[in-house]
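# Chain and residue survey
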Amino acid sequence: IMEHCHSVVSHHGGVASTLRASYSFMYCLGGRALAVEIGESCYHCRRFRARLNLVEMGPIHKHRLSPAPPFYFAQLDLLGPFTAYSAHNKRSTIKVWGLLFKCTVSLAVWVEICPGYDTGNCMLAYSRFCSRFGHPGMVQVDAGSQLQAMCKKMKISVVDLTKGMKGRFGIGVDYHTIVVGSHESQGLAERAVGKVKEVFRTVFKGLKFDVTTTATAFYWISAELNNLPIALGSRYKNLDLLDVLTPARLILGRNGS
């Protein structure tokens, strides 16, 4: 009966499935041990388990496990486009983008406005970010041409600073290009892009923004996401009684709200 339940009824399911299916026919004393024995001796199940042992999860990058200040190891990604109204002509609309910075250690997020989808605007957004949080020690970008050109051609904020730091202290700003589709390496930034878009659609849907107001919306979304607890999982009860750790506390020493 147990062999029939394992192979026919549960279709080579686990021990719990086989044991539960056997209860429809009879109650067997020591049924769990018998189900385990049949599962271990089954040829098809042994082949399936051997195939599962060859499957490997995506590796975690060492920068995610390295102690560092916020945004020292950062992932960059572009999000958009968003529609904004021109400051010179209220009837015309323009497209704007956001340059997202995601810290791989503290999980902090920050979005800077990019009025254009070119290297120059990405360089200006990066300079504004560095003026607020400092230059990252390691930048990870995807295979987009704008972000790669920004890291290679930026003269003032990266190259000159890197030469000075390398000459005096032996350190500098480095960057790595992530292979397209490598979600284990760039997955943090990709998920943050989706979350920023979701909050933007939920909160600001139907509102008419210009470029400055869109930048303010990006800053507000970044601040709210940084107030979320780190590694809390599905727990949501009695959070007001817990001393939770958030990215905002690592950056500012306190939550913004």
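Residues numbered from 1 in each chain as written. Predicted model: local features only at pLDDT ≥ 70, side-chain atom pairs only at ≥ 80, totals over all residues. Heavy atoms only, no water.

## Considerations on the environment of Ser17
Worth spelling out the cut-off: The way it works is that DSSP assigns letters per residue, a run of H or I at least four long becomes a helix, a run of E at least two long becomes a strand, and they are numbered from the N terminus. Burial status follows relative accessibility: with a 1.4 Å probe on protein chains alone, a residue under 20% of its type maximum counts as buried, one over 50% as exposed, and anything between as partly exposed.
Within the secondary structure, Ser17 sits in helix α2 (residues 15–22). Residue classification places Ser17 among the partly exposed positions, given a relative accessible area of 27%.

## Focus on the nonpolar core
Note the threshold: Only buried Ala, Val, Leu, Ile, Met, Phe, Trp, Tyr and Cys residues count toward a nonpolar core, and they belong to the same one when joined by side-chain atoms within 4.5 Å. Only heavy atoms enter the contact rule, under which two residues are in contact if any of them lie within 4.5 Å.
Core analysis: the biggest nonpolar cluster contains 21 residues, and Leu79, Leu100, Val196, Phe200 and Ile221 have the highest contact counts within it. No other element matches helix α8 (residues 183–204), which puts 7 residues into this core. Sequence-distant contacts of Leu100, that is, excluding residues within four places in its chain, are made with Gln75, Leu76, Asp77, Leu79, Val109, Trp110, Val111, Ala189, Ala192, Val193 and Val196. Phe71, Leu78, Leu99 and Trp110 belong to the second-largest nonpolar core, a separate cluster that totals 18 residues.

## Concerning the pattern of salt bridges
Here is the rule: A carboxyl oxygen of Asp or Glu within 4 Å of a side-chain nitrogen of Lys or Arg is what we treat as a salt bridge.
This model, assessed by the stated rule, comprises 2 salt bridges. Glu112 is the salt-bridge partner of Arg128, the closest N and O atoms lying 3.3 Å from each other. A residue pair is termed long-range when its members are at least 10 positions apart, and Arg128 in helix α5 (residues 119–133) and Glu112 in strand β3 (residues 109–114) qualify at 16 residues. Between Glu198 and Lys195 there is a salt bridge, with its nearest N and O atoms 3.4 Å apart. Linking Glu198 with Lys195, this pair stays in helix α8, spanning 3 residues, or about one helical turn.

## Focus: the layout of surface pockets
Rules: Note on definitions: the grid is 1 Å and covers protein atoms alone; a cavity is a set of points where a 1.4 Å probe fits but cannot get out; a pocket is an open set with protein on both sides within 12 Å along at least five of seven lines; lining residues have an atom within 4 Å of a point. Grid points are joined across faces, edges and corners, and a volume is the space filled by probe spheres set on the points.
For the largest pocket, the calculated volume is near 340 Å³. Taken together, 13 residues make up the lining of the largest pocket; nearest its centre are Lys102, Leu107, Lys195, Leu225 and Leu228. In terms of residue count, α8 provides more of the lining of the largest pocket than any other element does, 4 residues in total.

## Points about the environment of Val9
Relative to the helices and strands, Val9 is located in helix α1 (residues 2–9). On a C-alpha basis, the gap between Val9 and Ala21 in space is 6.8 Å, while along the polypeptide they are 12 residues apart. When near neighbours in sequence (up to four residues on either side) are disregarded, Val9 contacts His4, Ala21 and Phe25.

## Focus on the side chain of Ser106
Structurally, Ser106 is set in the loop between β2 (93–103) and β3. Setting aside its immediate chain neighbours within four residues, Ser106 contacts Pro70, Ile230, Pro247 and Leu250.

## Focus on the confidence of the model for the protein chain
Just so we agree on the cut-off: On a scale of 0 to 100, pLDDT captures the predictor's confidence in every residue.
Of the residues in the protein chain, 75% have a pLDDT of 70 or more, and the chain-wide mean is 77. The spread of mean pLDDT over the elements of the protein chain runs between helix α7 (residues 155–168), the lowest at 43, and β3, the highest at 92. Confidence drops under pLDDT 50 across residues 153–171; counting only partners more than four residues distant or on other chains, this segment forms 21 contacts.

## Here we look at unusual backbone geometry
Despite not being glycine, Phe71 has its phi angle at roughly 65°, a positive value. With relative accessibility at 1%, the residue Phe71 sits in the buried group.

## Overview of the packing of aromatic side chains
What counts is decided by this rule: When the centres of two rings from Phe, Tyr and Trp lie within 6.5 Å, Trp using its six-membered ring, the rings pair. Their planes under 30 degrees apart give stacked, over 60 give edge-to-face, and anything left gives tilted.
Scanning the model with the defined rule gives 16 aromatic pairs in all. Ring centres 5.7 Å apart and planes at 20° place the aromatic pair Tyr23 and Tyr27 in the stacked group. Residue class for Tyr27 comes out exposed when judged on its relative accessible area of 60%. Taking 5.0 Å as the distance between ring centres and 85° as the angle between the ring planes, the aromatic pair formed by Tyr72 and Phe73 counts as edge-to-face. A residue is classified by how much of its surface remains accessible, and Tyr72, at 38% relative accessible area, is partly exposed. By way of ring pairs, the aromatic residues Phe71, Phe101, Trp110, Tyr126, Phe129, Phe133 and Tyr219 are connected into one cluster.

## A few points about the pairing of strand β1 (residues 73–85)
We apply this condition: One requirement defines pairing of two strands: DSSP has to find at least two bridges between them.
Direction of pairing for β1 relative to strand β4 (residues 138–141): parallel, over a ladder of 4 bridges. For Gln75, the partnering residue across the bridge sits in β4 and is Gln140.

## What about the environment of Leu245?
Within the secondary structure, Leu245 is located in the loop between α9 (211–226) and α10 (247–252). Taking the C-alpha atoms as reference points, Leu245 and Ile230, 15 residues apart in sequence, are found 6.0 Å from one another. With sequence-adjacent residues up to four places away left out, Leu245 is seen in contact with Pro229, Ile230 and Leu250.

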